[in-house]
Amino acid sequence: MINLLVILFASILTSNIALTYFLGMCPFVTISKNMKVAYGMGLAVTFVMVVTAMTNWLINKFILEALGIEFLQFLVFIVTIAAMVQIIEIFIDRYFPALYHAFGIFLPLITVNCAILGISLFMVLRTYGFFETLFFSVGSGLGWLLAIVSIGALRKKMIFSNPLEHFGVTGITAVLAGLMALAFIGFTGIARL
Amino acid sequence: MAEHINLKLPRKGYKLFKSKNWMVFAEGVWHNNPIFGMVLGLCSTLAVTNLMANAFVMSIAVTVVLVVNSAVISLIRNLIPDRARMITYMLIVSTIVITVDLFIKILFPKVSSTLGPYVALIITNCIVMGRCEAFAINNTPGLSISDALGAGIGYTFSLMVIAFFRELIGFGSLFGFKVIPDSIPTISLFSVPPGAFFALAIFIFFVNYIKKKYKLEGKH
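Rules used in this analysis
Residues numbered from 1 in each chain as written. Chains lettered and ligands numbered in written order. Predicted model: local features only at pLDDT ≥ 70, side-chain atom pairs only at ≥ 80, totals over all residues. Helix = DSSP H or I, 4+ residues; strand = E, 2+ residues; numbered from the N terminus. Rg over C-alpha atoms; globule rule 2.2 N^0.38 Å. Buried ≥ 20, exposed ≤ 12 C-beta atoms within 10 Å, placed from the backbone. Contact = placed C-beta atoms within 7 Å. Axes fitted to C-alpha atoms, helices over the stretch in contact; angles between N-to-C directions. Left-handed = near helix turned anticlockwise from the far one by under 90°. Nonpolar A, V, L, I, M, F, W, Y, C, P; charged D, E, K, R; others polar. Core = buried A, V, L, I, M, F, W, Y, C linked by C-beta atoms within 7 Å. pLDDT = per-residue confidence, 0-100. Parallel < 35°, antiparallel > 145°, perpendicular 65-115°, else oblique.

Caption draft 1: The arrangement of the overall build of chain A in detail. Secondary structure assignment for chain A yields 9 helices and 0 strands. For chain A, the succession of helices and strands along the chain, N to C, is α-α-α-α-α-α-α-α-α. For 193 residues, the compact-globule estimate of 2.2 N^0.38 gives 16 Å, and chain A sits close to it at 17 Å. Projected onto its principal axes, the C-alpha coordinates of chain A cover approximately 60 × 45 × 30 Å. Within chain A, the fraction of its 193 residues that count as buried is 43%. Pairs at least 24 apart in sequence give 80% of the contacts found in chain A among residues at least 6 apart.

Next up, the structure:
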């Protein structure tokens, strides 16, 4: 149990998937302009991350390892993710139309979000069990949400400041992310992977 | 979706520099550079540039995947159904990445373990997808290969420059060889994750600075 909590808090704070492993950087830079949109994207990513990580764990354990074809992992994982995203989209559209309008536009984008595939790959590399994968994916999703919403808030404040023009939007976002990553190092004592 | 190539690099002299292949290539290296031009594929850029050896292996992997993928997509572009484009790209990319990953595991076992999942993450690298969707799907194999090679070399250039300074300042070494004596202290900030962001920001700053200066001179 303690082990699971360590994984959860480490993946939210100290080993944050966006700030330590740099996964999901493209939406991190492009979508974080608007805090509300960033929040929607964060929630959608968390949801899809948990569903796909669990599906991939089951497929990896009971199909790929059972048949001894682990070298096909990348191919199977990405196909599973693409399929799961489609299924989730149809399901949400049918049963939760309000939710569909909230993050429907982000769902197709998520297929190519490297954070989603990254979680499945880390899960295999670290040989996590079923519950470890569950806590790891929930924590990573929340960590990504926390990072993208915080950088959205920081960028909102940036409207009033006047950075060096050569940095451009990308440069100044990278500086902000770097400062945030430094702040997250302060959590190192809490938990460690 | 047709790609509008800005053919604004008329060079005098060699015939090679006037060919369309060269222009498409040069466009990818500088104006549409994946890192500072189009801002794609940042995950791997930030993650692998702490050591030059890592950055080098990663750049080669990305370039090979880009070129082979663009060539394949371009060859079968008339057979791909419009609605199933994305999934077709993904299947082809992941097949190529599996092959490249196996090669890296055999040729560079040490680097492979430090790169971790980042080689596999080339599958979702926006550069590869972007080149397929923007160029290879509408163009002949020859041009597509030039375009992919341009993007790959542009990516390699950015990664090597960032990795050079990160390893030099963070560890005092280049490709693992010590070049700065131990008496001079290193700034380990540049070798840890937050330093990656700062290094990228500084790199973009200088590229924009050079670009501005170059454009001012080019107006005459």
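Now that the structure has been shown, we can carry on.
Caption draft 2: Highlighting the overall build of chain B. Counting its regular elements, chain B contains 8 helices and 2 strands. Shown N-terminal to C-terminal, the secondary structure of chain B runs as helices and strands in the order α-α-α-α-α-α-α-β-β-α. Reported as C-alpha extents along the three principal axes, the dimensions of chain B are approximately 60 × 50 × 30 Å.

Caption draft 3: Structural detail: the packing of helix α7 (residues 114-125) of chain A against helix α8 (residues 130-158) of chain A. Residues and elements named next belong to chain A. Across the interface, α7 lies against α8 with an axial gap of 11 Å and an inter-helix angle of 150°. Crossing hand, α7 versus α8: right-handed. Across the interface between the two elements, A115, I119 and M123 of α7 pack against T133, F136, S137, S140 and W144 of α8. Among the residues forming the contact of α7 with α8, the class breakdown is 5 nonpolar, 3 polar and no charged.

Caption draft 4: Inspection of the interface of chain A and chain B at higher detail. Contact residues are listed per partner, giving 33 residues for chain A and 31 residues for chain B. With 10 residues, helix α9 (residues 168-185) of chain A is the largest single contributor of residues to the side of chain A that touches chain B. Taken together, the residues that form the side of chain A that touches chain B break down as 25 nonpolar, 8 polar and no charged.

Caption draft 5: Representation of the nonpolar core within the structure. The biggest cluster of nonpolar side chains holds 108 residues, and the ones touching the most others in it are I122(B), I123(B) and L200(B). The element contributing the most residues to this core is helix α3 (residues 52-75) of chain B, with 10 residues. Once you skip the residues sitting within four places of it in the chain, I123(B) turns out to touch F74(A), I78(A), L117(A), M90(B), V93(B), S94(B) and V97(B). Core analysis: the second largest hydrophobic core is formed by 5 residues, V24(B), F25(B), V29(B) and L143(B) among them.

Caption draft 6: Fine view of the confidence of the model for chain B. Residues and elements named next belong to chain B. Across chain B, the average pLDDT comes to 85, with 90% of residues at or above 70. Taken together, the stretch residues 216-220 has pLDDT below 50 and engages in 0 contacts with residues farther than four places along the chain or on a different chain. For this predicted complex, the interface confidence comes out at an ipTM of 0.87, alongside a pTM of 0.86.

Caption draft 7: Broad picture of the packing of helix α3 (residues 35-67) of chain A against helix α4 (residues 73-95) of chain A. Residue and element names in this part refer to chain A. Where α3 meets α4, the axes come as close as 10 Å, and the angle between the chain directions of the two elements is 135°. Relative to α4, the element α3 is oriented oblique. Both α3 and α4 take part in a crossing whose hand is right-handed. Counting all contacts with α3, which are made through V48, V51, T52, T55, N56, I59, N60 and L64, the residues of α4 involved are Q73, V76, F77, T80, I81, M84, V85 and I88. Here the residues of the contact of α3 with α4 sort into 10 nonpolar, 6 polar and no charged.

Caption draft 8: Molecular detail of unusual backbone geometry. Residues and elements named next belong to chain A. Even without a glycine there, the phi angle at F22 is positive, about 55°. Note that F22 resides in the loop between α1 (2-14) and α2 (25-30). A count of 28 C-beta atoms within 10 Å places F22 in the buried class. Here T127, not a glycine, exhibits a phi torsion of approximately 45°, which is positive.

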